[in-house]
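What follows is the residue order along each chain.
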Amino acid sequence: MNPYKIMIVDDHFVVREGLKLILETSDKFQVVGEAKNGQEALDLLAFIKPDVILMDLNMPVMGGLEAIQALKDNNDPTPVIILTTYNEDELMIGGLALGAKGYLLKDTNRENLFRNIESAVRGETLLSADILERVMAAKMQKPPASSKTEATLLSARETYILQSVARGFKSKEIAFELGIAERTVKAHLTSIYNKLGVDSRSQAVATALERGLLKI
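Counting of residues starts from 1 at the beginning of each chain's written sequence and follows it residue by residue. Under the rules for a predicted model, residues below a pLDDT of 70 receive no local features and side-chain atom pairs below 80 are neither given nor counted, while totals for whole chains, interfaces and linings still include all residues. No hydrogens and no water enter the side-chain calculation; it runs on all heavy atoms of the structure.

A. Quick look at the pairing of strand β3 (residues 52-56). The buried fraction of β3 amounts to five of the five residues, a majority that puts the element mostly inside the structure. Summary of the burial criterion: residues with accessible area below 20% of their type's maximum are buried, those above 50% are exposed, and those between are partly exposed, where the area comes from a 1.4 Å probe applied to protein chains only. Secondary structure elements are defined from DSSP: runs of H or I of at least 4 residues count as helices, runs of E of at least 2 residues count as strands, and each element is numbered from the N terminus. Going residue by residue along β3, you find Val52, Leu54 and Asp56 tucked away on one face and Ile53 and Met55 tucked away on the opposite face as well. Pairing between strand β1 (residues 4-9) and β3: four bridges, direction parallel. The residue bridging methionine 7 from the neighbouring strand is isoleucine 53, located in β3. When DSSP finds at least two bridges between two strands, those strands are taken to pair. In this sheet, strand β4 (residues 80-84) lies alongside β3 in parallel orientation, the contact comprising four bridges. Bridge pairing in β4 places leucine 54 opposite isoleucine 81. Between the parallel elements β3 and β4, the chain passes through helix α3 (residues 64-73) in a crossover that is right-handed. The path from the first strand over the helix to the second decides the hand: if it runs clockwise while the strands point away from the viewer, the crossover is right-handed.

B. Quick peek at the side chain of glutamine 203. Here glutamine 203 shows up in helix α11 (residues 201-210). N or O atoms closer than or at 3.5 Å make up a polar contact, with two conditions inside protein: a donor-capable atom paired with an acceptor-capable one, and, for residues adjacent in sequence, both atoms drawn from side chains. Here the side chain of glutamine 203 touches aspartate 199 through a polar contact of 3.1 Å, landing on its backbone nitrogen. By definition in these notes, contact holds between two residues if any of their heavy atoms fall within 4.5 Å. Not counting the four nearest positions on each side in its chain, glutamine 203 is found in contact with Lys72, Leu96, Ala97, Leu98, Gly99 and Val198.

C. Expanded view of the sheet that holds β4. A sheet is described by the order of its strands in space; here five strands give the open sequence β2-β1-β3-β4-β5, paired in parallel fashion. At either margin of the open sheet sits one strand with a lone partner, and together these are β2 (29-35) and β5 (102-105). For this sheet, the mean inter-axis angle between neighbouring strands, taken without regard to orientation, is 25°. By the bridge criterion, six bridges tie β1 to β2 in an arrangement that is parallel. For tyrosine 4, the partnering residue across the bridge sits in β2 and is phenylalanine 29. Under this scheme, a helix contributes an axis fitted over its contacting stretch, all axes are lines through C-alpha atoms, and angles between N-to-C directions fall in the 0 to 180 degree range. Running over the sheet, α3 touches β3 and β4 and is turned about 145° from β3. Seen against the sheet, helix α5 (residues 110-121) touches β1, β2, β3, β4 and β5 and runs at an angle of roughly 125° to β3.

D. Spotlight on the pattern of salt bridges. What makes a salt bridge here is a side-chain nitrogen of Lys or Arg within 4 Å of a carboxyl oxygen of Asp or Glu, nothing more. With the rule as written, the count across this model stands at nine salt bridges. Close ionic contact of lysine 106 with aspartate 10 constitutes a salt bridge, the shortest N to O distance being 3.1 Å. Linking lysine 106 in the loop between β5 and α5 with aspartate 10 in the loop between β1 and α1 (13-23), this pair joins segments that are 96 residues apart in sequence. A relative accessible area of 27% places lysine 106 in the partly exposed class.

E. Seen up close, the environment of alanine 208. If you trace the backbone, alanine 208 turns up in helix α11. Alanine 208 gets classed as buried once you look at its relative accessible area, which sits at 0%. Placed 46 residues apart in sequence, alanine 208 and leucine 162 show a C-alpha to C-alpha distance of 8.6 Å. Filtering out sequence-adjacent residues up to four positions away, alanine 208 remains in contact with Leu162, Leu196, Leu213 and Leu214.

F. Focus on the packing of helix α8 (residues 156-166) against helix α9 (residues 171-178). Packing of α8 against α9 brings their axes to within 10 Å, and their N-to-C directions diverge by 135°. Judged by the angle between their axes, α8 and α9 are oblique. As for how α8 packs across α9, the hand of that crossing is right-handed. On α9, the residues that touch Arg157, Tyr160, Ile161, Ser164 and Val165 of α8 are Ile174, Glu177 and Leu178. Each residue belonging to the contact of α8 with α9 can be placed in one class, and the counts come to five nonpolar, one polar and two charged. Orientation categories follow fixed angle ranges, with anything under 35 degrees roughly parallel, anything over 145 roughly antiparallel, 65 to 115 roughly perpendicular, and all other angles oblique. Each helix crossing is assigned a hand: it is left-handed if the near helix lies turned anticlockwise from the far helix by less than a right angle, otherwise right-handed if that turn is clockwise. Amino acids are sorted into nonpolar (Ala, Val, Leu, Ile, Met, Phe, Trp, Tyr, Cys and Pro), charged (Asp, Glu, Lys and Arg) and polar (every other residue, Gly among them).

As structure tokens, then:
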């Protein structure tokens, strides 16, 4: 099997080198490009076709959110995993809302890095439970949904399923927990996407967080 091709986008040389060293410990991954900001990354994409982009959020010239938006505008399907720190909750949610496949702390361990990349390549969204729980806790400190219509937008079953998704559970695991068919879970997710006006798990979670529809 050919190695997964990775692009690393971060304005800190030490971060890029650290991630590259970790990735090079496995023959499953190959770093094919590095960029110091979003604009460099977009320019580089004209010459290489990575399987996954590891994207920092705060960068000069063009930040991660702008770059992810540009990828979306250009209909570029390359999955993006956000590189984040502990003080970037709002930016992180914004990235998920734009379709990022997950997010990683910059000091994440080797196994978590590999697992996130492999999930992104498969088209899955892997949401780290510990980080997401912290984000959800921060959201709970804000006023809840302002209207009855907004608060009851999702059914109790849909809310439970979306909370399970937010904590990183797959459709098969949710189906087993609820004692229903996996296709029923997927049908509920489709309904959730339609109600929230999104088209992916990460966007659904991000939008629900922003609108106060998820709770711990």
